[in-house]
Amino acid sequence: SGTNSTPKLIPQVFNGVEVRTAECLHKVFTWLGFEVEIKRDCKREQMLSVLRELGSRPIHSQMDCLVCCILSHGIEGAVYGVEGRTVKIKELMEPVNGFKCPSLAEKPKLFFIQACQGNSEQRPVYIESDGHPVFSDAIQANESIPSDADFLLGMATVPSFVSFRERKNGTWFIQSLCQNLVQMVPRGSDLVSILTKVNADVSQKTDCTGVKKQMPQPAFSLRKKVIFPIPQASPPSLSH
């Protein structure tokens, strides 16, 4: 995460999704030097328990970065456990914030959520539009930072809309995330730049009818660029 030391990966929670998508994540993050733990078919309380246990571990001082990938079904702001009960995404992030887990303060905490955020389907728009980012500065008091600093939340889709998957290659979002990590990490690209490329790639996808679209949405409170150390090993093959 911007250093030459090896980053660490803390659990990925897989709920009822196809194995190939999970395998891609496992290959890519192992290649990046992360320690991967997998929890499958979790109920609501099990998901919360995984993150609470994670936040209570005494070994975070040895870690550079935390990544949690959650693959499930969802509604706006929440994901489903296998028993059909929802858990809010902010509830899953809370146990590892700077207040609950001081040893992870100032370290990147990256959450990638592959889940629908509603039932609506996005349609293509055949116009061009330009957007300009807006920046704001805040005065920093003493040496303190907000407890929710240094998070990144990468959502497969914007609120209210569904996300899509292909039977052969898996979900559009995770497929693109894995491909772009493999291609762009060796170039020294930072994570936000990689996710911008993921946005661009997924936005170009469409279903067989040509009318269903998907727009991922990253949001972050990162205070520094996240740059993964370039692996010495050859990139993994993601073809099936």
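Cut-offs and rules
- Residues numbered from 1 in each chain as written.
- Predicted model: local features only at pLDDT ≥ 70, side-chain atom pairs only at ≥ 80, totals over all residues.
- Heavy atoms only, no water.
- Helix = DSSP H or I, 4+ residues; strand = E, 2+ residues; numbered from the N terminus.
- Contact = heavy atoms within 4.5 Å.
- Areas by Shrake-Rupley, 256 points an atom, 1.4 Å probe, with all protein chains shown as cover.
- Axes fitted to C-alpha atoms, helices over the stretch in contact; angles between N-to-C directions.
- Parallel < 35°, antiparallel > 145°, perpendicular 65-115°, else oblique.
- Left-handed = near helix turned anticlockwise from the far one by under 90°.
- Salt bridge = Lys/Arg side-chain N within 4 Å of Asp/Glu carboxyl O.
- Buried < 20%, exposed > 50% of the residue type's maximum accessible area, 1.4 Å probe, protein only.
- Expected span 1.5 Å × (residues − 1).
- Arc of directions from axis to C-beta.
- Polar contact = N/O pair within 3.5 Å; in protein donor to acceptor, adjacent residues only side chain to side chain.
- Lys, Arg positive; Asp, Glu negative; His and termini not counted.

K.L.:
Explain the overall build of the protein here, please?
P.N.:
Regarding its fold elements, the protein presents five helices and eleven strands. Contacts in the protein between residues at least 24 apart in sequence constitute 81% of all its contacts with a sequence separation of at least 6. Element-wise, carbon and sulfur atoms account for 51% of the exposed surface of the protein, whose accessible area totals about 12,700 Å².

K.L.:
Would you mind showing me how to read the packing of helix 4 (residues 172-184) against helix 5 (residues 191-203) here?
P.N.:
Packed helices, taken two at a time, are described by the angle their axes make and the gap between the axes. Two elements in contact, helix 4 and helix 5, have axes whose closest approach is 9 Å; the angle formed by their N-to-C orientations is 135 degrees. With respect to each other, helix 4 and helix 5 are oriented oblique. Crossing geometry of helix 4 relative to helix 5 is assigned as right-handed. Contacts from Trp172, Phe173, Ser176, Leu177, Asn180, Leu181 and Met184 in helix 4 reach Leu191, Ser193, Ile194, Leu195, Lys197, Val198, Asp201 and Val202 in helix 5.

K.L.:
How should I be thinking about the pattern of salt bridges in this particular structure?
P.N.:
The tally for this structure, following the rule as stated, stands at eight salt bridges. Between Arg44 and Glu45 there is a salt bridge; the shortest N-O distance is 2.6 Å. Residue classification places Arg44 among the buried residues on the basis of a relative accessible area of 14%. A single salt-bridge network, built from bridges that share partners, covers Glu37, Glu53 and Arg57.

K.L.:
What should I look at first to understand helix 5 in this one?
P.N.:
Two residues of an α-helix separated by three or four positions point the same way, owing to the 3.6 residues in each turn. For helix 5, with 13 residues, the first-to-last C-alpha span of 18 Å sits near the 18 Å given by 1.5 Å per residue. Considered for burial, the residues of helix 5 that qualify are Leu191, Ile194, Leu195, Val198, Asn199 and Val202. Down the axis, helix 5 shows its buried residues gathered within 150 degrees of arc, on one side only. Elements in contact with the buried residues of helix 5: strand 7 (109-114), strand 8 (151-155), helix 4 and strand 11 (217-220). Two to three positions downstream of the cap, the backbone nitrogen of Val192 sits 3.2 Å from a side-chain oxygen, assigning the N-cap of helix 5 to Asp190.

K.L.:
Just checking my understanding: could you explain the side chain of Asp190 for this structure?
P.N.:
Mapped onto the elements of the fold, Asp190 is located in the loop between helix 4 and helix 5. Buried and unpaired, Asp190 has Lys225 as its nearest opposite-charge partner, separated by 4.6 Å. Within polar-contact distance, the side chain of Asp190 engages the side chain of Ser193 at 2.7 Å. Other than its neighbours up to four places away in sequence, Asp190 contacts Lys225, Val226 and Ile227.

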